[in-house]
Amino acid sequence: MQPVDIKRKYKIRFVNPRSPLSTITLPEVIEKMTFSRKALFMPLNLAICAALVPENWDAEIIDECATDEPHQPKADCDIVAIGAMTTQAPRAYEIADGYRKLGIKVFLGGIHPSALPDEALEHADAVAIGDAESTLPYMISDFEKGELKQKYNWRDFPPADIATPRKDLLNPKDYLVFNPIQTTRGCPHNCSFCTTPAIFGRKFRQRKIDDIIEEIRQAKEQFGTNFFIFSDDNFAGNRKWAYELCQWMVPLKIKWASQCDILISESDKLLAAMRDSGCIGLILGLESPRQNTLFEAGKRFVDADSYLWRIKKISSYKISLWGAFIFGFDSDDWRSCRDTCRFAQRADLAMACFPILTPYPGTEMFRRYESQGRILTRDWTKYNGASVVFEPKNFTEKELRHAQMSAFCEFYHPRSAFRRLKIIPFKKRAWLANLASFFGLWFYFNKKNRIMPKFSDFRDPFAPGWYYHEESDRRL
Ligand code: B12
Ligand code: SF4
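Scoring rules and cut-offs
Residues numbered from 1 in each chain as written. Chains lettered and ligands numbered in written order. Predicted model: local features only at pLDDT ≥ 70, side-chain atom pairs only at ≥ 80, totals over all residues. Pairing = 2+ DSSP bridges. Helix = DSSP H or I, 4+ residues; strand = E, 2+ residues; numbered from the N terminus. Core = buried A, V, L, I, M, F, W, Y, C linked by C-beta atoms within 7 Å. Buried ≥ 20, exposed ≤ 12 C-beta atoms within 10 Å, placed from the backbone. Domains from an automatic or database assignment. Contact = placed C-beta atoms within 7 Å. Near = placed C-beta within 6 Å. Nonpolar A, V, L, I, M, F, W, Y, C, P; charged D, E, K, R; others polar. Right-handed = clockwise from strand over helix to strand, strands pointing away. Arc of directions from axis to C-beta. Axes fitted to C-alpha atoms, helices over the stretch in contact; angles between N-to-C directions. Parallel < 35°, antiparallel > 145°, perpendicular 65-115°, else oblique. Left-handed = near helix turned anticlockwise from the far one by under 90°.

**Student:** Would you mind going over the sheet that holds strand β14 (residues 279-287) with me for this structure?
**Tutor:** In any sheet, the strands associate via hydrogen bonds between backbone groups, in a parallel or an antiparallel arrangement. Pairing in this open sheet of 6 strands is parallel, and the strands run β9-β12-β13-β14-β15-β16 from one edge to the other. Each having just a single partner strand, β9 (180-181) and β16 (351-353) make up the two edges of the open sheet. Where strand β13 (residues 255-260) meets β14, 5 bridges bridge the pair, whose relative direction is parallel. In the strand pairing of β14, S258 is matched with L282.

Next up, the structure:
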């Protein structure tokens, strides 16, 4: 390959491949729930990538999730760089193939290409494994020298600071969440279904506090926003550091939400600092309230028996909790799913989600199921938490979906919301989110002319609420 002419201004186009937000809810419901925004989150990964481009390059971001028509490859750039989570991979490959036909060099990066770089290389000239900060600048510089290699693994390069995203390349009006902010990367734990330790290892990294504060200040000034989502895997993975950041955030007078592990319940000092810095909500990865299931999930850092007091403790700091559970482990059956849903209600969680276990490539869970011949499909679009992509042990595929939908319908039923959220003090945001979720589910089933599923359907093979009606699919 010939070295490029460094006097010319070059152009790199970043593309975020279209991905249906969810197969649980209809797109028109999502549109209503997001107040007609085109997409839920702005593509933070690509805004960060764009910040790493050298000065002699122009950067552009095309977000297919926010455009009406699919992106058509055009030979008007020097490099096209595409990021992909697993669900986005097939579309990412389609776009990549289109550009390669035009003779444009293609880079692929993000979670999925990092997990399966050889698969990605069938569609790209170069693949980034891991953080863009430690790969993309080297890829561009090798392209300029005409020495592009196939794989760039972040572990082979010196560690780099977490970059500040170039939000100026996107239109805030397209997104419900335009200001996600990353404060940390990685997680010190090692759950067997999770891609974070599988791909990025267990090294927990923190961003420079000055950069975080500056990004918040600028967003407040420019967009008048006062509410931020910290797009971290585990905000409090380093409690001492999280405490320091919270203290810096107090004068900013913002509200924020993030996700973290339940062990923060052990630190009143940190919880108070989080509350004082404006934390109003946290997503907690709980997976299951049963010890044997936590064991199967590789979640060894916490006892299921302690969940209730931990949740009550965090909630006592006026932090609303969203419990993230998973259905479909080998130790699960429909009764344990029902009990999980009831646990979420008993714990007065403000919100909860019940995705179906998805063995993502690169994880220990994927390797385990693959060695047992239980992976049912490699159609990556189905790796969305709403489809069954592996052979479950104690359910048919459709029973597992029925359990999932029953949990959503029971949890978000106004009766359950009333019991959990109460009226005084009035939790406006949580009520709105619960009612919107219930309305979304009601609309979905009503449109399909079905009644909402319930766990009690499992006791009656002829119950009208059965999500799927094929007799052969029932195994009670
Ligand atoms: C916010 C978030 C969302 C948001 C927005 C996603 C988005 N595209 O912005 C929403 C709510 C929509 C979402 C949905 C889902 N999400 Co999500 N989400 C996240 C979260 C918490 C933060 C994403 C983020 O902004 N990260 C910050 C960026 C900077 O990190 P990054 O994407 O890894 O990018 C870095 C590198 O990968 C690399 N890189 C990335 N792209 C590129 C491109 C190039 C060219 C290069 C060189 C490098 C590069 O450089 C970046 C900077 O270092 C992550 C957790 C995480 N750690 O990322 C989960 C995560 C991405 N989500 C995940 C999952 C499972 C989902 C869902 C399937 C959940 C569900 N059951 O519905 C859906 C998928 C929906 C769909 N249809 O696609 C998994 C992905 C697993 C996988 N293998 O794909 C993650 C990793 C969580 C986890 N630990 O398992 N999610
Ligand atoms: S605690 Fe959460 S982010 Fe950390 S490894 Fe487990 S599931 Fe992943």
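Still more ground to cover, so stick around.
**Student:** Whenever I open this one, the nonpolar core confuses me. Can you help?
**Tutor:** What tends to happen in soluble globular proteins is that the nonpolar side chains get buried as a cluster. F14, C49, I82, A96, F107, L108 and F327 are the most contacted members of the largest nonpolar core, which totals 122 residues. The element contributing the most residues to this core is helix α15 (residues 397-412), with 8 residues. When residues of this core are sorted by domain, at least three fall in each of domain 1 (10-156) and domain 2 (172-473). Excluding anything up to four places from it in sequence, I82 contacts V15, P17, A92, I95, A96, V106 and L108.

**Student:** Would you mind going over the site of ligand 1 with me for this structure?
**Tutor:** Close contacts around ligand 1 come from 39 residues, with G83, G109, G110, A132 and G385 the closest. Looking at the shell around ligand 1, the elements with two or more residues in it are β2 (39-41), α2 (44-50), β4 (79-83), β5 (105-109), α4 (111-115) and α7 (195-200). When its residues are assigned to classes, the shell around ligand 1 shows 19 nonpolar, 17 polar and 3 charged. Taken domain by domain, the shell around ligand 1 gets at least three of its residues from each of domain 1 (10-156) and domain 2 (172-473).

**Student:** Sorry if this is basic, but what is going on with the pairing of β13 here?
**Tutor:** In regular strands, side chains alternate between the two faces of the sheet. The pairing of strand β12 (residues 227-230) with β13 spans 3 bridges and is parallel. Across the sheet, the residue bridging to F227 is K255, located in β13. With helix α9 (residues 239-249) bridging β12 and its parallel neighbour β13, the resulting β-α-β unit is right-handed. For the crossover that starts at β13, traverses helix α10 (residues 268-276) and ends in the parallel β14, the hand is right-handed.

**Student:** Help me understand the site of ligand 2, please; the structure alone is not making it clear to me.
**Tutor:** In the vicinity of ligand 2, the residues found are C187, H189, N190, C191, C194, T196, P197, D233, N234, D261 and G285. Residues belonging to the shell around ligand 2 are distributed by class as follows: 4 nonpolar, 5 polar and 2 charged.

**Student:** Please clarify how the domain arrangement of the protein should be interpreted in this entry.
**Tutor:** For the protein, the assigned domains are domain 1 (10-156) and domain 2 (172-473). If you look at the interface, domain 1 gives 26 residues, while domain 2 gives 25 residues. For the side of domain 1 that touches domain 2, the secondary structure elements donating two or more residues are α1 (27-33), β2, α3 (89-101) and α4. Of all the elements, α4 adds the most residues to the side of domain 1 that touches domain 2, at 4 residues. In terms of residue class, the side of domain 1 that touches domain 2 is made up of 15 nonpolar, 9 polar and 2 charged.

**Student:** Looking at this model, I keep getting lost on the environment of E244. Mind explaining?
**Tutor:** Among the structural elements, E244 can be located in helix α9. Placed 107 residues apart in sequence, E244 and M351 show a C-alpha to C-alpha distance of 28 Å.

**Student:** Is there a simple way to explain α10 in this structure?
**Tutor:** Since the α-helix packs 3.6 residues into each turn, any two residues three or four apart lie on the same face. Within the sequence span of α10, burial applies to L271, A273 and M274. Down the axis of α10, the sector holding all buried residues measures 165°, keeping them to one side. Those residues of α10 that are exposed and angled more than 90 degrees off the buried face are D268 and K269. Backbone geometry just downstream of α10 places G278 in the positive-phi region, at approximately 110°.

**Student:** Honestly, the sheet that holds β4 in this entry has me stumped. Any pointers?
**Tutor:** What the 6 strands build is an open sheet, ordered β3-β1-β4-β5-β6-β7; its pairing is parallel. With one partner strand each, in any of the chains shown, β3 (57-63) and β7 (151-153) form the two edges of the open sheet. Going from strand to strand, the sheet's axes swing by 20° on average, the running direction of each strand aside. The sheet contact formed by β5 and strand β6 (residues 126-129) spans 2 bridges and is parallel.

**Student:** Even after reading the chapter, I still don't get the packing of α9 against α10, so can you show me in this structure?
**Tutor:** Each packed pair of helices is defined by two parameters, the angle between the axes and the distance between the axes. Orientation of α9 relative to α10, taken along the N-to-C sense of each, is 30°, at an axis distance of 9 Å. When the interaxial angle is binned, α9 and α10 end up roughly parallel. Crossing hand, α9 versus α10: left-handed. Contacts from R239, A242, Y243, C246 and Q247 of α9 reach α10 at K269, L270, A273 and M274. Residues that form the contact of α9 with α10 fall into these classes: 6 nonpolar, 1 polar and 2 charged.

**Student:** Even after reading the chapter, I still don't get unusual backbone geometry, so can you show me in this structure?
**Tutor:** Across the chain, the bulk of peptide bonds are trans and the bulk of non-glycine residues have phi less than zero. For the bond from I424 to P425, the omega torsion is -5°, close enough to zero to count as cis. With respect to the helices and strands, the residue P425 is situated in the loop between α16 (414-421) and α17 (428-447). Phi is positive for K253, close to 50°, though the residue is something other than glycine. According to the C-beta neighbour criterion, K253 is exposed, with 10 such atoms within 10 Å.

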